[in-house]
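So the chains spell out like this:
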Amino acid sequence: MMPLTLYDSLSRSLREFAPLDPALGVRVYSCGPTVYNYVHVGNLRAYVFTDTLARVLTWKGYDLNHVINITDVGHLTSDADAGDDKMEAAAKKAGQDIWAIARHYTDAFKQNLNDLNIRTPTHMPLATDHVDGMIEFAKAIEAKHCYRLETGLYFDVSTVPDYGRLARSADDIGESRIDPVEGKRHAQDFAIWRTSPPGENRQMEWDSPWGRGAPGWHLECSVMSQKYLGERFDIHTGGIDHREIHHPNEIAQNQAHCDCADSGANFWMHNNFLIERGGKMSKSSGEFLTLRALVDRGFHPLSYRMLCLQAHYRSELEFTWDNLVAAQVRLKRLVQNIEALRARSDEPSKGSAAAYRDQLDAAVSDDLNTAKALPVLDSLVADKKVAPADRIAALADFAAVLGLPLDRLTRADLRVRPASATIDAEAIEARLEERRAARAAKDFAASDAIRDELAAAGVEVMDGDPLGWDWRPALPAG
Ligand code: AMP
Ligand code: ZN
């Protein structure tokens, strides 16, 4: 296999990957979601990316120790230590128990991962299970790196070398500029512990040397990465927004704890955003795009995975319904072509498909370029010089790396009924039977009427196709 090259955001360069300690496999930490609401499809792009990374590493023979944490405490509505606690605010709004809310959205997140064929990571620790560890960590760095204000314990960013070098530029570190807490020494200083204000009623709070309260958001990732992966590990991932505040702060904490200049991770990797021009990727906008919303419209979750795979993870990707239709059509064609190959799998072997494996390797070894790997897959499926059975056998590598279950996915699986459909599969079959009778009787007016009627109900009739019909995804107007 080829050497794997990955883009490291900290050095801003492509570097050849090698595990720090081969005996420990490859240790990867991915910042997980804050479970105050459903994740949107933009968040899920971050986990399709980490899954691609994990799959490529596994395919190349490494043992993987992968952590995706669950943030169930501490994340404020503003990244600048201001605003409400996202979890507490959600619980208050719903008038519900905060622990039940966290559990509900954590389960929903895991279901989303499953639906997207994202493999379960080795560990999925909850922040609330690690508050003791966070207090210990904070105690260890307090004397040299922190100071107290009435509102809590704060990290002094001038006490570590080169603070913020991960961010795009030192004077552009997002929200910490905008909304500093009263009394901070530097605008970028951040909360390690937030002491509950007197009289405030929090559902989640813990005793600490700095009063009853809750940990600052960044602390959990330093603590959990260290606990599950060690003080120095291979790869840390997150969305590109984390490059500006959350990860610089994690790095500062790690440097304080090891009393060294090291960031903690050998590679820092960031996926670019999925953007939607109508604001549907913002949870504060009210209506935002969940995976469920896509399925309700008649899209298979793997069509969304296909959409992600078509772009390089470091490129911005625009979400439009048309793009999603195109990805779904591409996936259906691919599956249909594979089904046709399977029907011919007893033809004798004649050529080798090995070159396709090498091309796949070349594409993903080049900073996980799945967009380049997909056309290789198409060429393999279409290569008449290679016997169908050999082509099918060669699909296993593509399925493993791209996370598309090509060995078992069928066109029928991809036929997802939109929630708004007014007709069910049985009724469709009945109408199609009538249509066949009408056609046999050369009553084309009646046959066309049935086709139009089905179209109005969200069903596309495909004459000559072995599947016969398909749901039409219901696209929103405008
Ligand atoms: P959060 O729950 O806000 O911490 O987000 C979970 C993950 O999704 C983080 O890695 C974010 O960086 C990432 N993320 C947030 N919005 C988007 C987006 N529109 N596109 C891609 N990744 C995103
Ligand atoms: Zn994190």
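Being a predicted model, the structure only gives us computed values, none of them experimental.

Cut-offs used in this document
- Residues numbered from 1 in each chain as written.
- Chains lettered and ligands numbered in written order.
- Predicted model: local features only at pLDDT ≥ 70, side-chain atom pairs only at ≥ 80, totals over all residues.
- Heavy atoms only, no water.
- Axes fitted to C-alpha atoms, helices over the stretch in contact; angles between N-to-C directions.
- Helix = DSSP H or I, 4+ residues; strand = E, 2+ residues; numbered from the N terminus.
- Parallel < 35°, antiparallel > 145°, perpendicular 65-115°, else oblique.
- Left-handed = near helix turned anticlockwise from the far one by under 90°.
- Contact = heavy atoms within 4.5 Å.
- Near = heavy atom within 4 Å.
- Polar contact = N/O pair within 3.5 Å; in protein donor to acceptor, adjacent residues only side chain to side chain.
- Nonpolar A, V, L, I, M, F, W, Y, C, P; charged D, E, K, R; others polar.
- Disulfide = S-S within 2.5 Å.
- Core = buried A, V, L, I, M, F, W, Y, C linked by side-chain atoms within 4.5 Å.
- Buried < 20%, exposed > 50% of the residue type's maximum accessible area, 1.4 Å probe, protein only.
- Domains from an automatic or database assignment.

Participant: Before we go on, may I ask you to explain the packing of helix α10 (residues 354–365) against helix α12 (residues 388–402) in this structure?
Facilitator: Any two packed helices are characterised by how steeply their axes cross, that is the angle between the axes, and by the distance between the axes. One way to put it is that α10 packs onto α12 with a least axis distance of 9 Å and a crossing angle of 15 degrees. The angle between α10 and α12 places the two elements in the roughly parallel class. The element α10 and its partner α12 pack so that their crossing is right-handed. Only Asp397, Phe398 and Val401 of α12 make contact with α10, whose side of the interface consists of Tyr356, Arg357, Leu360 and Val364.

Participant: Can you walk me through the site of ligand 1 in this structure?
Facilitator: Around ligand 1, a shell composed of 17 residues is seen, among which Thr34, Gly42, Gly239, Asp241 and Leu274 lie nearest. Contact distances for ligand 1 include 3.3 Å between a nitrogen atom and a side-chain N or O atom of Asn271. Within the contact set of ligand 1, a nitrogen atom lies 2.9 Å away from a backbone nitrogen or oxygen of Leu274. Of all the secondary-structure elements, those providing two or more residues to the shell around ligand 1 are α1 (41–59) and β9 (233–239). Counting residues per element, the shell around ligand 1 draws most heavily on α1, at 4 residues. Looking at the shell around ligand 1 residue by residue, the class counts come to 6 nonpolar, 10 polar and 1 charged.

Participant: So what exactly am I meant to see when it comes to the state of the cysteines here?
Facilitator: Working definition: the covalent bond between the sulfur atoms of two cysteines is a disulfide. Within the structure shown, the criterion is met by 1 disulfide. Disulfide pairing places Cys258 opposite Cys260 at an S-S distance of 1.9 Å. Judged by the torsion about the S-S bond (-90 degrees), the Cys258/Cys260 disulfide is left-handed. Distance from the sulfur of Cys146, which forms no disulfide, to the nearest cysteine sulfur (Cys258) is 14 Å.

Participant: Just checking my understanding: could you explain the nonpolar core for this structure?
Facilitator: Nonpolar side chains tend to gather and get buried jointly when the protein is soluble and globular. Ranked by size, the top nonpolar core spans 120 residues in total, and within it Phe155, Ile235, Leu294 and Tyr304 carry the most contacts. Counting residues per element, this core draws most heavily on α1, which supplies 10 residues. Looking at which domains feed residues into this core, each of domain 1 (5–271) and domain 2 (291–402) gives three or more. Those residues in contact with Ile235 that sit more than four places away from it in its chain are Leu6, Phe17, Val26, Arg27, Val28, Tyr29, Leu53, Leu57, Ala265, Phe267 and Met269. Ranked by size, the runner-up nonpolar core spans 11 residues in total, among them Ile423, Val461, Trp469 and Trp471.

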